[in-house]
Amino acid sequence: MMNPDKTLTPLRTGAAYIRVSTHMQEELSPDAQKRILLDYAKAHNIVITQDYIFQDGGISGKKADKRPAFMRMISLAKEKPAPFSVILVWKFSRFARNQEESIVYKSLLRKQCHVEVVSVSEPIIDGPFGSLIERIIEWMDEYYSVRLSGEVFRGMSEKAMRGGYLARPPLGYRIERRGEPPVIVPGEAATVRVIFHKYVEESMGIFDIARYLNALGLKTREQKPFERRGVEYILQNPMYCGMVRWNVKASETQQIKAKDEWILTDGHHEPIIPKELFDRAQERRKQTYRPSGTRPSSTYRHWLGGIVKCPVCGRTMIAKHMKDKRYGRSYCYFTCY
């Protein structure tokens, strides 16, 4: 016998959004979330096709633009007319864990797209009191995210201080078993030793080292030619002498932190070069390093900096300025490493 409630509920087209972050202590699996959402849709006369099931895996909910499936869903919802009228999520925290972004996107969906966001496990009543409860849930989700981030940071700091490696291994190393120290890749390690030998023992410049490696046909971890900044990174990475360095950059801005905030300790992995050779490389860099340009940075920064790419190799091009002495004019041009 047909459920009498269903006869009163009009048929709607919906979408399902599924997200699992990198920390899954309290989360359902993607399959479990999908099953719950589809069961809810069936019980409420909502039709969800496979094309409108969006899933982001292993991604934080703090920034919407870092979630490709979420942004694709929002883009489709902005079409005229919208292909669905409701978005189902397991919890509001799956939609966003940043209250500001949650409010912005929900408002956009509701006012401009006429699309409703429904949490199947957190039913909200209509009216002002329901909106208040929803804001409280969003605030609690963001608070949990901030608190969890702090706990993760403390845990990673503790691991780093005990010599554990926390990032993707650089050229010369690879992870063979999860939870164990990186192991040396012989062929890549030979390239690293060449770089340090040329820089310290033969006093070769960094750009010349990159050209030398490319002339030999050697490649980076990504199987691309070497460039200056890649060689610089290798020469400054203490992992090659058996050390672990962590907490160098701020995660949000990627700005270099003060050195007293860095964590630098002995690692559990095998070094590729002696500590003495690494220290000599750092000493030479201090003696030969010169800041690029003698003018204030505002006179040579370009608004396209970091955007223009080389059509040949795909790397970021750098802006340079040239002064025409004949006409007294300055010109800007872009060049590749």
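For the structure itself, consult the block above.
Below is a summary of the structure that appears in this document. Residue numbers here run from 1 along each chain, matching the order of that chain's written sequence. pLDDT decides what is reported in this predicted model: residues at 70 or higher carry local features, side-chain atom pairs at 80 or more are listed and counted, and totals for whole chains, interfaces and linings draw on all residues regardless. Only heavy atoms go into the side-chain values, all of them from the structure, while hydrogens and water stay out.

### Focus on the overall build of the chain
Here's step 1: Secondary structure follows DSSP: runs of H or I at least 4 residues long count as helices, runs of E at least 2 residues long count as strands, and numbering of each begins at the N terminus. The helix and strand inventory of the chain stands at 10 helices and 11 strands.
Here's step 2: Categorising residues by exposure relies on relative accessible area from a 1.4 Å probe, with only protein chains included: less than 20% of the type maximum marks a residue as buried, more than 50% marks it as exposed, and the intermediate range marks it as partly exposed. Looking at the chain as a whole, 36% of its 337 residues qualify as buried.
Here's step 3: Residue contacts follow a heavy-atom distance rule, with two residues in contact if any of their heavy atoms lie within 4.5 Å. Taking the intrachain contacts of the chain between residues at least 6 apart in sequence as the baseline, contacts between residues at least 24 apart amount to 63%.
Here's step 4: Carbon and sulfur atoms make up 54% of the accessible area of the chain, which totals about 21,100 Å². Each accessible area value is a Shrake-Rupley result obtained with a 1.4 Å probe; residue values ignore everything except the protein chains displayed when judging cover.

### Looking at the packing of aromatic side chains
Here's step 1: Side-chain rings of Phe, Tyr and Trp (the six-membered ring for Trp) are treated as a pair once their centres are within 6.5 Å; stacked means planes under 30 degrees apart, edge-to-face means over 60, and tilted covers the remaining angles. Taken as a whole and assessed by the stated rule, the structure comprises eight aromatic pairs.
Here's step 2: Between F70 and F95, the ring centres sit 5.1 Å apart and the planes meet at 70 degrees, which makes this aromatic pair edge-to-face. Placement of F70 in helix α3 (residues 68-77) and of F95 in helix α4 (residues 92-95) is noted, with a sequence separation of 25 residues between them.
Here's step 3: You can call F95 buried: its relative accessible area is 0%.
Here's step 4: The ring of F70 carries the charged tip of R67 above its face, separated from the ring centre by 4.2 Å.
Here's step 5: Residue placement shows R284 over the ring face of Y199; its charged tip is 4.3 Å from the ring centre. Any Lys NZ or Arg CZ found within 6 Å of a ring centre and within 35 degrees of that ring's normal is scored as a charge over the ring.

### Regarding the environment of P170
Here's step 1: Residue position: P170 is located in the loop between α6 (128-161) and β6 (173-174).
Here's step 2: A C-alpha to C-alpha distance of 9.7 Å links P170 and P182, two positions 12 residues apart in sequence.

### Some remarks on unusual backbone geometry
Here's step 1: Residue P81 is bonded to the preceding K80 through a cis peptide linkage, with omega at -5 degrees.
Here's step 2: In this fold, P81 is placed in the loop between α3 and β4 (86-89).
Here's step 3: Here H114, not a glycine, exhibits a phi torsion of approximately 55 degrees, which is positive.
Here's step 4: Along the chain, H114 falls in the loop between α5 (99-111) and β5 (116-119).
Here's step 5: We note that Q223 has phi near 60 degrees; this positive angle belongs to a residue other than glycine.
Here's step 6: Relative to the helices and strands, Q223 resides in the loop between α8 (206-215) and α9 (228-236).

### Concerning the packing of α8 against α9
Here's step 1: All axes are obtained by fitting lines to C-alpha atoms, using only the stretch in contact for helices, and the reported angles, taken between N-to-C directions, cover 0 to 180 degrees. For the pair α8 and α9, the least separation of the axes is 8 Å and the interaxial angle reads 105 degrees. Accordingly, the angle class assigned to the pair α8 and α9 is roughly perpendicular. Seen from α8, the contacting residues are I206, F207, I209, A210 and L213; seen from α9, they are R228, V231, E232 and L235.
Here's step 2: Gly falls in the polar group here, along with every residue not listed as nonpolar (Ala, Val, Leu, Ile, Met, Phe, Trp, Tyr, Cys, Pro) or charged (Asp, Glu, Lys, Arg). Classifying every residue of the contact of α8 with α9 by side-chain character gives seven nonpolar, no polar and two charged. Note on angle classes: values under 35 degrees are labelled roughly parallel, values over 145 roughly antiparallel, values of 65 to 115 roughly perpendicular, and the remainder oblique.

### Examining the side chain of H269
Here's step 1: Tracing the sequence through the fold places H269 in the loop between β9 (263-266) and α10 (275-288).
Here's step 2: Polar contacts, as used here, are pairs of N or O atoms within 3.5 Å; protein pairs need one atom able to donate a hydrogen and one able to accept it. Residues neighboring in sequence count only if both atoms are side-chain atoms. A polar atom in the side chain of H269 sits 2.9 Å from the backbone oxygen of M239.
Here's step 3: Ignoring anything within four residues of it in the chain, the contact list for H269 reads Y173, P181, P182, M239, G242, M243 and V244.

### Here we look at the pattern of salt bridges
Pairing is possible between side chains that carry opposite charge, provided their charged atoms lie close to one another.
Here's step 1: By definition here, a salt bridge exists when the distance from a side-chain nitrogen of Lys or Arg to a carboxyl oxygen of Asp or Glu is within 4 Å. Scanning all chains against the criterion turns up 11 salt bridges.
Here's step 2: Across the salt bridge formed by E222 and R168, the nearest N and O atoms sit 3.4 Å from each other. In this pair, E222 is assigned in the loop between α8 and α9 and R168 in the loop between α6 and β6, connecting sequence segments 54 residues apart.
Here's step 3: Taking the relative accessible area as the measure of exposure, E222 reaches 46% and is therefore partly exposed.
Here's step 4: Linking E201 and R280 is a salt bridge whose minimum nitrogen-to-oxygen distance equals 3.0 Å. Linking E201 in helix α7 (residues 186-201) with R280 in helix α10, this pair joins segments that are 79 residues apart in sequence.
Here's step 5: Where salt bridges share partners, they join E201, E276 and R280 into one cluster.

### Regarding the nonpolar core
Here's step 1: To form a nonpolar core, buried Ala, Val, Leu, Ile, Met, Phe, Trp, Tyr and Cys residues must be joined to one another through side-chain atoms within 4.5 Å. If you look at the biggest cluster of nonpolar residues, it comprises 26 residues, and the most contacted ones within it are I195, F196, F226, V231, I234, Y240 and I273.
Here's step 2: Counting residues per element, the ones that place at least two in this core are α7, α8, α9 and α10.
Here's step 3: The element contributing the most residues to this core is α7, with six residues.
Here's step 4: If we skip the residues at most four places from it in the chain, I273 touches R193, F196, Y240, C241 and F278.
Here's step 5: Of all hydrophobic cores here, the second largest spans 22 residues; its members include Y17, Y52, V89 and F95.

### A look at the pairing of β4
Two faces make up the sheet, and in a regular strand the side chains alternate between them.
Here's step 1: The alternating pattern of β4 places V86 and L88 on one face and I87 and V89 on the opposite face, and all of these are buried.
Here's step 2: The pairing of strand β1 (residues 12-20) with β4 spans three bridges and is parallel. Opposite A16, over in β4, you have L88 as the bridge partner. Here a strand pair is declared whenever DSSP counts at least two bridges between the two strands.

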